[in-house]
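The chain contents come next:
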Amino acid sequence: MRRYIRHPTDVPIEVSKQDFYSREHLRNVSRGGVAFYLHDSLPVGANIVIRIAVVEPVFEVPARVVWCRKKDDYYDVGAELVCDDDVFRLRMVEQICHIEHYKREVKQLEGRVLTGEQAAREWISRYAASFPTFAPRRRQGG
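Residues numbered from 1 in each chain as written. Predicted model: local features only at pLDDT ≥ 70, side-chain atom pairs only at ≥ 80, totals over all residues. Heavy atoms only, no water.

Chemist: Explanation requested: the pairing of strand E3 (residues 33–38) in the structure shown.
Modeler: On any regular strand, side chains alternate: one points to one face of the sheet, the next to the other face. With 5 of its 6 residues buried, E3 lies for the most part within the structure. The sheet contact formed by strand E2 (residues 20–30) and E3 spans 4 bridges and is antiparallel. Bridging across to E3, asparagine 28 finds its partner in alanine 35. By the bridge criterion, 6 bridges tie E3 to strand E6 (residues 74–81) in an arrangement that is antiparallel. Across the sheet, residue tyrosine 37 finds its bridge partner in E6, namely aspartate 76. (Buried < 20%, exposed > 50% of the residue type's maximum accessible area, 1.4 Å probe, protein only. Helix = DSSP H or I, 4+ residues; strand = E, 2+ residues; numbered from the N terminus. Pairing = 2+ DSSP bridges.)

Chemist: Hey, could you run me through the pairing of strand E4 (residues 47–52) in this one?
Modeler: Going residue by residue along E4, you find Ile48, Ile50 and Ile52 tucked away on one face and Asn47, Val49 and Arg51 left uncovered on the opposite face. Pairing analysis gives 3 bridges linking strand E1 (residues 12–17) to E4, with the strands arranged antiparallel. Within the sheet, the bridge partner assigned to valine 15 lies in E4 and is isoleucine 50. Two elements, E4 and strand E5 (residues 59–71), share 6 bridges in a ladder whose sense is antiparallel. Bridge pairing in E5 links valine 49 to proline 62.

Chemist: Would you mind going over the side chain of glutamate 14 with me for this structure?
Modeler: In this structure, glutamate 14 sits in strand E1. Side-chain polar atoms of glutamate 14 contact the side chain of arginine 23, separated by 3.5 Å. Setting aside chain neighbours within four positions, we find glutamate 14 in contact with Tyr21, Ser22, Arg23, Val49, Ile50, Arg51 and Ala53. (Polar contact = N/O pair within 3.5 Å; in protein donor to acceptor, adjacent residues only side chain to side chain. Contact = heavy atoms within 4.5 Å.)

Chemist: Got a minute to help me understand the packing of helix H1 (residues 84–110) against helix H2 (residues 116–127) in this structure?
Modeler: Where H1 meets H2, the axes come as close as 9 Å, and the angle between the chain directions of the two elements is 105 degrees. Taken together, H1 and H2 sit at an angle that is classed as roughly perpendicular. Residues Gln95, His98, Ile99, Tyr102 and Lys103 of H1 pack against Gly116, Ala119, Ala120, Glu122, Trp123, Arg126 and Tyr127 of H2. Class assignment of the residues belonging to the contact of H1 with H2 gives a composition of 6 nonpolar, 3 polar and 3 charged. (Axes fitted to C-alpha atoms, helices over the stretch in contact; angles between N-to-C directions. Parallel < 35°, antiparallel > 145°, perpendicular 65-115°, else oblique. Nonpolar A, V, L, I, M, F, W, Y, C, P; charged D, E, K, R; others polar.)

Chemist: Sorry, what's going on with the packing of aromatic side chains here?
Modeler: The tally for this structure, following the rule as stated, stands at 3 aromatic pairs. Seen in terms of ring centroids, tyrosine 102 and tyrosine 127 are 6.2 Å apart; in terms of plane orientation they differ by 75 degrees. Their pairing is edge-to-face. Placement of the pair is tyrosine 102 in helix H1 and tyrosine 127 in helix H2, with a sequence separation of 25 residues. For the residue pair tyrosine 102 and tyrosine 127, the accessibility class agrees, reading buried in each case. Between the aromatic rings of tryptophan 123 and tyrosine 127, the centroid separation amounts to 6.1 Å while the plane-to-plane angle is 45 degrees, which identifies the pairing as tilted. In this pair, tryptophan 123 and tyrosine 127 both sit in helix H2, 4 residues apart, roughly one turn of the helix. The residues tryptophan 123 and tyrosine 127 share a single accessibility class, namely buried. Linked through ring pairs, Tyr102, Trp123 and Tyr127 together constitute an aromatic cluster. Arginine 69 extends its terminal NZ or CZ atom over the ring of tryptophan 67, reaching a point 4.1 Å from the ring centre. Here the basic side chain of lysine 70 rests over the ring of tyrosine 75, its NZ or CZ set 4.9 Å away from the ring centre. (Phe/Tyr/Trp six-rings, centres within 6.5 Å; stacked < 30°, edge-to-face > 60°. Lys NZ or Arg CZ within 6 Å of the ring centre and 35° of its normal.)

What follows is the structure in structure tokens.
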């Protein structure tokens, strides 16, 4: 079993804007934003909606594309969350995703089937102390 936190890149997300919809996978979460892979490009500055349906209630937030870089046959996209309150909510969703990933990994590697509560307790005891924290972001002009 790993001794470090690996971001669960198998967390499915939905990205949409007026004329665009895509189901992709979350790459990582940073202070105030997310990165994910897309098969199509999005213009910098585009307003999008990010939705993570693997949690209850479904996590859905507005975001803004801050970069989009072509890589091989896909695009690496970064988006900032529009509302500071959503940053905290996203961190909670990220922890839940880590716990769900841990639960699947334990089943695959060790053959143990854990309940959500058992997985949460084990994950917290092993990884919570090293889970990265972010200081509140500072907005320009504020």
